[in-house]
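Structure at a glance
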Amino acid sequence: LNRVSEYLIDSRVSDPTNIFAHGRSAGGLLAAAAAKMAPKLYTGIILEAPLLDPISALSNPMRPLALQERSEWGNPDDPQARRVIEGYSQAEEPL
């Protein structure tokens, strides 16, 4: 997402005052993480029902897809994977 925003700016198609990120559910996590990593690229972000705490979501066995999602997002019980997840999780360091 950030590379696309950078491309739009570098190509003079747009500028940061006109770029917003938008995401819903896991896409909300992506949009929030992108804005967290490069806040100067975005005027704002719009999050709809965002997944902002993936560690809790992946650790909760009561969530129907929690164990299946670990193959995509990582297993928070694995210390190396947990560090990666904490890097984009908004629960650890919110915007």
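Since the model is a prediction, treat every value here as computed from it, not as a measurement. (Residues numbered from 1 in each chain as written. Predicted model: local features only at pLDDT ≥ 70, side-chain atom pairs only at ≥ 80, totals over all residues. Heavy atoms only, no water.)

Turning our attention to the overall build of the chain. Helix and strand content of the chain: 5 helices and 2 strands. Each helix and strand of the chain, ordered N terminal to C terminal, gives the series α-β-α-β-α-α-α. Of all 95 residues assigned to the chain, the portion counted as buried reaches 34%. Nonlocal contacts in the chain, meaning residues at least 24 apart in sequence, comprise 55% of its contacts between residues at least 6 apart. Total accessible area on the chain stands at roughly 6,200 Å², and carbon and sulfur atoms take up 56% of it. (Helix = DSSP H or I, 4+ residues; strand = E, 2+ residues; numbered from the N terminus. Buried < 20%, exposed > 50% of the residue type's maximum accessible area, 1.4 Å probe, protein only. Contact = heavy atoms within 4.5 Å. Areas by Shrake-Rupley, 256 points an atom, 1.4 Å probe, with all protein chains shown as cover.)

What follows deals with the pattern of salt bridges. In the structure shown here, the tally under the stated rule is 4 salt bridges. Linking arginine 70 and aspartate 77 is a salt bridge whose minimum nitrogen-to-oxygen distance equals 3.3 Å. For arginine 82, the salt bridge is made with glutamate 86, and the minimal N-O distance between the two is 3.4 Å. With arginine 82 and glutamate 86 both in helix H5 (residues 79–88) and 4 residues apart, the pair spans about one turn of that helix. Judged by relative accessible area, which is 29%, glutamate 86 ranks as partly exposed. (Salt bridge = Lys/Arg side-chain N within 4 Å of Asp/Glu carboxyl O.)

With that settled, the discussion passes to the packing of aromatic side chains. Enumeration over the complete set of coordinates arrives at 1 aromatic pair. Measuring from ring centre to ring centre gives 6.0 Å for tryptophan 73 and tyrosine 88, while their planes differ by 50°; the resulting arrangement is tilted. Of this pair, tryptophan 73 sits in helix H4 (residues 66–73) while tyrosine 88 sits in helix H5, and the two are 15 residues apart along the sequence. Note on tyrosine 88: relative accessible area 15%, which makes it buried. (Phe/Tyr/Trp six-rings, centres within 6.5 Å; stacked < 30°, edge-to-face > 60°.)

So, on to the environment of arginine 83. With respect to the helices and strands, arginine 83 occurs in helix H5. Arginine 83 sits 40 residues away from threonine 43 along the chain, and the two C-alpha atoms are 28 Å apart.

Quick look at H5 now. Within H5, burial applies to Ala81, Ile85 and Tyr88. Angularly, the buried residues of H5 cover 65° about the axis, an arc narrow enough to put them on a single face. In H5, the exposed positions that point more than 90 degrees away from the buried face belong to Pro79, Gln80 and Arg83. Looking at the buried positions of H5, the neighbouring elements they touch are helix H2 (26–37), helix H3 (54–59) and H4. Where H5 begins, one side-chain oxygen reaches toward the backbone nitrogen of glutamine 80, 2.8 Å away; that side chain belongs to aspartate 78. (Arc of directions from axis to C-beta. Polar contact = N/O pair within 3.5 Å; in protein donor to acceptor, adjacent residues only side chain to side chain.)

Looking now at the pairing of strand E1 (residues 20–24). Burial of the side chains of E1 is restricted to one face: Ala21 and Gly23 are buried, whereas none of Phe20, His22 and Arg24 on the reverse face is. With 5 bridges joining them, E1 and strand E2 (residues 44–48) adopt parallel strand pairing. Bridged to arginine 24 within E2 is glutamate 48. (Pairing = 2+ DSSP bridges.)

In short, geometric facts, not functional conclusions.
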